[in-house]
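# Coordinates in review
Spelled out from the first residue to the last, the chains are:
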Amino acid sequence: MSERKTITPAHRYRNNDRLIGIGNTFWNTSYEHGVAGIVGDLEDGVFHTPDGHEFVNFTVCSYLDLDTHPKVIDGAVASLRRFGVLDHCIPRTRVQTPVLLELEESLGELFGAMVISAISTAAASTGLLPVIASGHLGNGTRPLMVFDKNAHVSMANAKPSCADETEVVSCGHHDLDFLKDMCRTYERVCYVVDGSDSLGGYAPVHELAELQEKYNLLVFYDDSHSLSAYGERGIGYVRSHSPVLDERTITVATLSKGFGAGGTAILLDGYPERTRRLIERFAGPLGYSQKMNAAAVGAALASAEIHRTEELTRLQGRLRSNIALFDSLVATEQSDSTYPIRVVPMTDETVIDAAKQVFAAGFYTSPVFFPIVARGTAGLRVMLRAGQTEEQIKRLCSALVRAGARPAAAPLGPAAPAAPVAPVGPVAPGTGGERVAAPTREGVPDGHA
């Protein structure tokens, strides 16, 4: 027997054995049944696979379809020609072209905040959260870092590095009583949570604001799923509803989803300009040489201009109309919310077959089931967009009901067994302040966008 040592992992904040061992069950099942790993060419809003199948993707995060807007595409090309370089690969703390500065100035005016750009929300959270944990971003006090149980993997992955700087705990989804207890116990607390959840629902921003005012709670939001789709000029759910927009609220939001471009915006309020230097120098990947490139910046600048026009209001209106149409036909826990994501209830036993049948009918919806969500909360994730046609939504809903979904007039409960769905042929191309509950996850990150 070898005398060399083996290592027993601590698994305090991350457990790849569980993540891969259990999570692969989900992914392998999805791949084996043809509802993951799909490849096809996209033309006029319709995917065409090599075997001749055509379908509309109803699990796309581009809620306003700005990623295909001619002005956004032209903006990307024009930026490349203007600056003459795709990515001047050097940390911006040393040398930079003005491309990022122009974007941050434009977004700062649009969102009414100090904006720092990042290549992705994962890079932003990975860089910012440890600096918050050490007290260098905040009021100088090392906070207890409280991660919401449903916090997106892009934030949850920062737990180990935060734990080298301070104490780290997790709490139940939107568990305000737990947060209040922690605020009474610790001098400073930072709560890490999605402002808009990838499985549907909004954070309780008003209730959190009360804790911010009473206990100086710092809240770190990822509001990626509501940016552009929600609020005046597309400022998102958090900035539309939180009364605490100062140094106690830090928000990151992707410019890829509703915004239709690429990269991420970090939104800061009440921080001095020197904070920008601190972040660019010490917030991990935010100081690396891989930044938003000129094409992504050009696309984002063009999208920002659309956000300043009535066109954005019209697109948001179309999105709301499409959400209302879907809700009038299929029952979900998220019905009657402005949130563009719906999880159509199925059972753990029928969800894969339902996804296959809906796909055969010409529509892709992503199945979510244990261990990605808790047992008994399986469903098909549907994302509504401004560019979807009324015909597409009606046909999708018909396919969903035939696959076991509850019609809107029926009460929610255990999903009906899936019925065979006949393919229907090629598919044509194509602001309220409420909160809704998101399905409870089992804590196994699944890479949901």
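Residues numbered from 1 in each chain as written. Predicted model: local features only at pLDDT ≥ 70, side-chain atom pairs only at ≥ 80, totals over all residues. Heavy atoms only, no water.

## Some remarks on the sheet that holds strand β8 (residues 218-222)
Strand order across the open sheet formed by seven strands is β4-β10-β9-β8-β7-β5-β6, with mixed pairing between neighbours. Either end of the sheet is taken by a strand with one partner, and the two such strands are β4 (114-118) and β6 (168-171). Strand-to-strand twist in this sheet, taken as the mean axis angle between neighbours without regard to direction, amounts to 20°. As defined by bridge partners, β8 adjoins strand β9 (residues 249-254) across four bridges and the pair is classed as parallel. What sits directly across from V219, in β9, is T249. Across the sheet, helix α3 (residues 99-111) is in contact with β4 and β10 (264-268); its angle to β4 comes to roughly 135°. The sheet strands contacting helix α7 (residues 176-185) are β5 (144-148), β6 and β7 (189-194), and the helix crosses β5 at an angle near 175°. (Pairing = 2+ DSSP bridges. Helix = DSSP H or I, 4+ residues; strand = E, 2+ residues; numbered from the N terminus. Axes fitted to C-alpha atoms, helices over the stretch in contact; angles between N-to-C directions. Contact = heavy atoms within 4.5 Å.)

## Quick look at the packing of α7 against helix α8 (residues 205-215)
At their nearest, the axes of α7 and α8 sit 11 Å apart, and the two run at 10° to each other. Judged by the angle between their axes, α7 and α8 are roughly parallel. Side by side, α7 and α8 meet where L176, L179, K180, C183 and R184 of the first sit next to E207, L208, L211 and Y215 of the second. Classifying every residue of the contact of α7 with α8 gives six nonpolar, no polar and three charged. (Parallel < 35°, antiparallel > 145°, perpendicular 65-115°, else oblique. Nonpolar A, V, L, I, M, F, W, Y, C, P; charged D, E, K, R; others polar.)

## Some points on the packing of helix α2 (residues 70-83) against helix α11 (residues 294-307)
With their axes 7 Å apart at the nearest point, α2 and α11 run at an angle of 135° to one another. In this view, α2 runs oblique relative to α11, as classed from their interaxial angle. Crossing handedness for the pair α2 and α11: right-handed. In this structure, α2 uses K71, V72, G75, A76, S79 and L80 to contact α11, whose residues at the interface are A294, A295, G298, A299, A302, S303 and I306. (Left-handed = near helix turned anticlockwise from the far one by under 90°.)

## Focus on the nonpolar core
The biggest cluster of nonpolar side chains holds 70 residues, and the ones touching the most others in it are Y191, F326, V344, L380 and L400. Excluding anything up to four places from it in sequence, Y191 contacts V146, D148, C171, H174, L179, L208, L217, L218, V219 and F220. Residues A124, L128, M145 and C190 belong to the second largest nonpolar core, which totals 29 residues. (Core = buried A, V, L, I, M, F, W, Y, C linked by side-chain atoms within 4.5 Å. Buried < 20%, exposed > 50% of the residue type's maximum accessible area, 1.4 Å probe, protein only.)

## Focus: the pattern of salt bridges
Applying the stated criterion across every chain, the model contains 19 salt bridges. Linking R92 and E280 is a salt bridge whose minimum nitrogen-to-oxygen distance equals 3.6 Å. With a gap of 188 residues between them, R92 in the loop between α2 and α3 and E280 in helix α10 (residues 274-282) connect regions that are remote in the sequence. The exposure class assigned to E280 is buried, which follows from its relative accessible area of 3%. Note that R308 and E109 form a salt bridge whose closest N and O atoms lie 2.8 Å from each other. Taken as a pair, R308 in the loop between α11 and α12 (310-329) and E109 in helix α3 lie far apart in primary sequence, 199 residues in all. Of the residues examined, E109 reaches a relative accessible area of 43% and is grouped as partly exposed. Each of R92, E104, E273, R276, R277 and E280 takes part in a single network of salt bridges with overlapping partners. (Salt bridge = Lys/Arg side-chain N within 4 Å of Asp/Glu carboxyl O.)

## Here's the deal with the sheet that holds strand β2 (residues 46-48)
With mixed pairing, four strands are arranged side by side in an open sheet as β1-β2-β3-β12. Two strands lie at the open edges of the sheet, namely β1 (41-43) and β12 (363-364), each paired on one side alone. Sheet topology places β1 next to β2; three bridges connect them, and they run antiparallel. Residue pairing across strands places L42 opposite F47, the latter belonging to β2.

## Brief notes about the confidence of the model for the protein chain
Residues with a pLDDT of 70 or more make up 91% of the protein chain, whose mean pLDDT is 90. For the stretch residues 442-448, pLDDT sits under 50, and the model shows 25 contacts to residues farther than four places along the chain or on other chains. (pLDDT = per-residue confidence, 0-100.)

## Focus on the environment of L199
Among the structural elements, L199 can be located in the loop between β7 and α8. What makes L199 buried here is its relative accessible area of 0%. Note: C-alpha distance between L199 and N139 (60 residues apart in sequence) is 33 Å.

## Some details on α2
The terminal C-alpha atoms of α2 lie 20 Å apart, and with 14 residues this matches the ideal 20 Å at 1.5 Å per residue to within 8%. Those residues of α2 that sit buried are V72, G75, A76, S79 and F83. Burial along α2 is one-sided: seen end-on, the buried residues are contained in an arc of 100°. Along α2, the residues that are exposed and aim more than 90 degrees away from the buried face are P70, D74 and R81. (Expected span 1.5 Å × (residues − 1). Arc of directions from axis to C-beta.)

## Considering the side chain of T49
Along the chain, the position of T49 falls in the loop between β2 and β3 (54-57). Leaving out residues up to four positions away in the same chain, T49 has contacts with I38, V39, G40 and F55.

## Things to note about unusual backbone geometry
The residue H11 is not glycine, and still its phi comes out positive at about 50°. Assessed through its relative accessible area of 32%, H11 is described here as partly exposed. Even without glycine at this site, N216 takes up a positive phi of about 65°. Following the sequence through the fold, N216 ends up in the loop between α8 and β8. Residue N216 is classed as partly exposed on the basis of its relative accessible area of 29%.

## Looking at the packing of aromatic side chains
Per the stated rule, a full pass over the model turns up eleven aromatic pairs. Ring geometry for F26 and F369: centres 4.7 Å apart, planes at 45°, overall tilted. Here F26, found in helix α1 (residues 16-32), pairs with F369, found in the loop between β13 (366-368) and β14 (379-383); they are 343 residues apart in sequence, far enough to count as distant. The class of F369 is buried, set by a relative accessible area of 7%. Seen in terms of ring centroids, Y202 and Y230 are 5.6 Å apart; in terms of plane orientation they differ by 65°. Their pairing is edge-to-face. Pair noted here: Y202 is in the loop between β7 and α8 and Y230 is in the loop between β8 and α9 (237-241), with a separation of 28 residues, a long-range link. Each member of the pair, Y202 together with Y230, is buried. In textbook terms, an aromatic cluster arises when at least three aromatic residues are bridged by ring pairs, as seen for F47, F55, F359 and Y364. (Phe/Tyr/Trp six-rings, centres within 6.5 Å; stacked < 30°, edge-to-face > 60°.)

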